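Close look at the chain arrangement
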Amino acid sequence: MSKSNLVLVPTNKAKSGQIDKLNRWGYIFLIPFMLVFIVFQLIPLVNTLWNSLFENYMSGLKKVGPNFIGLGNYIKLFQEGDLAKYFGNTIIMWILGFIPQITISLLLSAWFTNPMLRLKCQRFFKTVIYLPNLIMASAFAMLFFTMFDTTGPVNGLFIKMGIFKEPYAFLLHVGSTRGLVAFMNCLMWFGNTTILLMAGMMGIPVDLFEAADVDGATPGQVFWKITLPLLRPIFIYVLITSLIGGLQMFDVPQILTNGSGDPMRTSMTLIMFLNKHLFSKNYGMAGALSVLLLIVTGVLSFIVFRMTAQDEVKKNRR
Amino acid sequence: MAVNNTMASEKSASNTLRVRRTVAYVVLGIISFFCLIWFYMLFINATRSNAELGQGFTVIPSTHLGENLKNLFHGTIPVGNGMINSLLIASLTALLSTYFSTMTAYSIQVYNYKGKNAIFTFILAIMMIPTQVTALGFINLVRKMNLEDNFIPLIVPSIAAPITFFYLKQYMASNLPLSLIEAARIDGEGELGIFNKIALPLMKPAIAVQAIFTFVSSWNNYFTPSLILHEDKKKTLPILIAQLRSADWLKFDMGQVYAMIAFSIFPVILVYLFLSKYIVGGVTAGGVKE
């Protein structure tokens, strides 16, 4: 902090002018971000908002609209009742995946960063657990679709082992379909979460752990009383980004159920719903749904922003 | 007495440590198994013919991998093109996104100007907003710009990547000494030169991590490309996989189906085995230092 002040505090007028000139580069370096943001995010956002106020859809081959109908699309969206159902589906599948994900990640990151445990082959394990995150979600879903098919190898193995008497149709049952989606999400993201949490844990000064050890703290106490509280910012970051990611859930259930969200649309997520509207050129409804999603994610981001990111801004002030 | 007590407690401490270590290894072993088994099964099945696949799973690979791949490439799905398209889009996205995110982070970290904190606050506030919520406006824009079936709308928007920016900004705060920049200024180096020659190399570990993250998310991306790319030759691998899923897949040669999945998964695994040093080492070397 003090060092940076030395660099930028002007000592006389001539130098001050020079520093202003230097600081102009701050604006120049911002241009690419701002330009791209305005063109590819802000303009589409305004356009989406605008479209949500118009009746605009395809009725067979005939195009209806665009006619201005105010909040008509929003009212229709709520009245149809599907929205609540798809929101529920999305949240249920997210929670089913997130609970094991965060549990495993906390455990593994605590183990990996524990100086007492000195686990061997750490590099190998980290490489392995991060691997599923690299896998193309749609290919992974396709793989699970073939693996868990009634004629697939999983059913075959379970029958051979005597666990199943006859093939179980995983994708015809609500619980197993949602379970598969949650399992895949957990598998794909726990390695990523572990690495993020580890980065946070490595930031905790080692002498705190050593002091706790000298005082005779148990590993459990160390974890709950030192690691977790100090990990709070990064933990919240992980939680909210995962929730926002969960609301965006699309690829896995889309490919697994071929976009149908079956059985009985119980695995249809919000973004699958949006995708459906977009593909059938149902722009009014797509717009309204997008705006609702924007509001929900906006509120969530605001929470995480108030809890963690705001401190970053304060830290940056000098 | 006191000495004896310490010795005894040290012994029991080393015993509990041994138990904890064993538990850790067992759990890690089980988790690793669940991470890898799918890819092992995929590999086995990709080497077997349709007839063999009908007879249930075996542990040892068969001999039909080449045949399956040959059939795949001579089939109706343009996998070769898909691979090239996916690679091109993901690489350029990773490159542009990390370079310009570092630049944005550098602007906020190194300079002092009016509105800086407002802009920083703004970027952090919009950080979490998913691209899907603006997809409708995005399609309309791309259509107006006449960029449908073009890779530009899939690559260029990644220049404004708030999450990448945030990570790099945090890393920069603890790993970029401002005195180095000042020294370079005294040596007469220009600001862009300082950024490219001093800041970028110092940020390498963090950039490598973010480049991998960005590459992966672009490579995985199915939602946006499927809205933009319609021509068969322009499609990326995820769209082709979806196409495979929506086809009446039972009519397919299952050997080919597995070969196609293997083809989209294994090259990434191979590349990852070489790059894993950067992601694992990069995060552990830098990370979020306070």
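Quick word on the overall build of chain A
- Summing up its helical and strand segments, chain A has 13 helices and two strands in all.
- The C-alpha radius of gyration of chain A comes to 25 Å, more than 25% above the 20 Å expected for a compact globule of 318 residues.
- C-alpha atoms of chain A, sized along the principal axes, occupy 75 × 60 × 30 Å.
- Burial analysis of chain A (318 residues in total) assigns 52% to the buried set.
- Across chain A, contacts joining residues at least 24 apart in sequence account for 64% of those joining residues at least 6 apart.
- With an accessible surface of roughly 15000 Å², chain A has 68% of that area assigned to carbon and sulfur atoms.
- Across chain A, the 26 positively charged side chains and the 14 negatively charged ones have centroids separated by 8 Å.

Some remarks on the interface of chain A and chain B
- Taken together, the contacts link 108 residues of chain A with 110 residues of chain B.
- Across the chain A/chain B interface, buried area totals approximately 10400 Å², and carbon plus sulfur atoms make up 75% of it.
- The largest contributions to the chain A side of the interface with chain B come from Phe29(A), Phe33(A) and Phe40(A), which together make up 8% of the buried area.
- At the junction of chain A and chain B, the tally comes to zero salt bridges.
- Taken together, the links from chain A to chain B amount to 13 residue pairs in polar contact (both at pLDDT 80 or more).
- Looking at the side of chain A that touches chain B residue by residue, the class counts come to 71 nonpolar, 25 polar and twelve charged.

Focus: the packing of aromatic side chains
- Taken as a whole, this structure holds 40 aromatic pairs over all chains when the rule is applied.
- Centroid distance Phe250(A) to Tyr222(B): 5.5 Å. Interplanar angle 20°. Geometry classified as stacked. Remark: Tyr222(B) occurs in the loop between helix 11 (204-220) and helix 12 (223-228) and Phe250(A) occurs in the loop between helix 10 (219-247) and helix 11 (251-256); the pair is interchain, linking two chains.
- On the accessibility criterion, Tyr222(B) (8% relative accessible area) is buried.
- For the pair Tyr106(B) and Tyr111(B), a centre-to-centre distance of 5.9 Å together with 80° between the ring planes defines the contact as edge-to-face. Accessibility assignment for this pair places Tyr106(B) and Tyr111(B) in one class, buried.
- A network of ring pairs unites the aromatic residues Phe140(A), Phe144(A), Phe148(A), Phe158(A), Phe164(A), Tyr168(A), Phe170(A), Phe183(A), Phe33(B), Phe34(B), Trp38(B) and Phe39(B) as a single cluster.
- Across the ring face of Phe112(A), the terminal group of Lys126(A) is positioned such that the distance to the ring centre comes to 5.4 Å.

Brief notes about the domain arrangement of chain B
- When cut into domains, chain B gives domain 1 (2-64) and domain 2 (77-246).
- Domain 1 of chain B and domain 2 of chain B are separated by 36 Å when their C-alpha centres are compared.

Examining the nonpolar core
- Counting 180 residues, the largest nonpolar core has Phe140(A), Phe144(A), Leu278(A), Trp38(B) and Tyr106(B) as its most contacted members.
- Here this core gets 13 residues from one element, more than from any other, and that element is helix 13 (residues 283-316) of chain A.
- Apart from residues lying up to four places away in sequence, Phe140(A) is in contact with Ile135(A), Met184(A), Leu187(A), Met188(A), Trp38(B) and Phe39(B).
- Residues Ile204(A), Ala212(A), Val222(A) and Ile226(A) belong to the second largest nonpolar core, which totals five residues.

Re the domain arrangement of chain A
All names here are of chain A.
- When cut into domains, chain A gives domain 1 (2-51) and domain 2 (74-316).
- Computed from C-alpha atoms alone, the centre-to-centre distance between domain 1 and domain 2 is 35 Å.
- Across the boundary between the two partners, domain 1 contributes four residues, which contact six residues of domain 2.
- Together, the buried faces of domain 1 and domain 2 total about 360 Å²; carbon and sulfur atoms form 77% of this surface.
- Considering only the surface of domain 1 that becomes buried against domain 2, Thr-48, Leu-49 and Asn-51 emerge as the three largest contributors, covering 82% of it.
- At the boundary of domain 1 and domain 2, one finds zero salt bridges.
- The interface formed by domain 1 and domain 2 includes zero residue pairs in polar contact (both at pLDDT 80 or more).
- Residues of the side of domain 1 that touches domain 2, tallied by class, amount to two nonpolar, two polar and no charged.

Cut-offs applied
Residues numbered from 1 in each chain as written. Chains lettered and ligands numbered in written order. Predicted model: local features only at pLDDT ≥ 70, side-chain atom pairs only at ≥ 80, totals over all residues. Heavy atoms only, no water. Helix = DSSP H or I, 4+ residues; strand = E, 2+ residues; numbered from the N terminus. Rg over C-alpha atoms; globule rule 2.2 N^0.38 Å. Buried < 20%, exposed > 50% of the residue type's maximum accessible area, 1.4 Å probe, protein only. Contact = heavy atoms within 4.5 Å. Areas by Shrake-Rupley, 256 points an atom, 1.4 Å probe, with all protein chains shown as cover. Lys, Arg positive; Asp, Glu negative; His and termini not counted. Charge placed at Lys NZ, Arg CZ, Asp CG, Glu CD. Buried area = accessible area lost by both parts, 1.4 Å probe. Salt bridge = Lys/Arg side-chain N within 4 Å of Asp/Glu carboxyl O. Polar contact = N/O pair within 3.5 Å; in protein donor to acceptor, adjacent residues only side chain to side chain. Nonpolar A, V, L, I, M, F, W, Y, C, P; charged D, E, K, R; others polar. Phe/Tyr/Trp six-rings, centres within 6.5 Å; stacked < 30°, edge-to-face > 60°. Lys NZ or Arg CZ within 6 Å of the ring centre and 35° of its normal. Domains from an automatic or database assignment. Core = buried A, V, L, I, M, F, W, Y, C linked by side-chain atoms within 4.5 Å.

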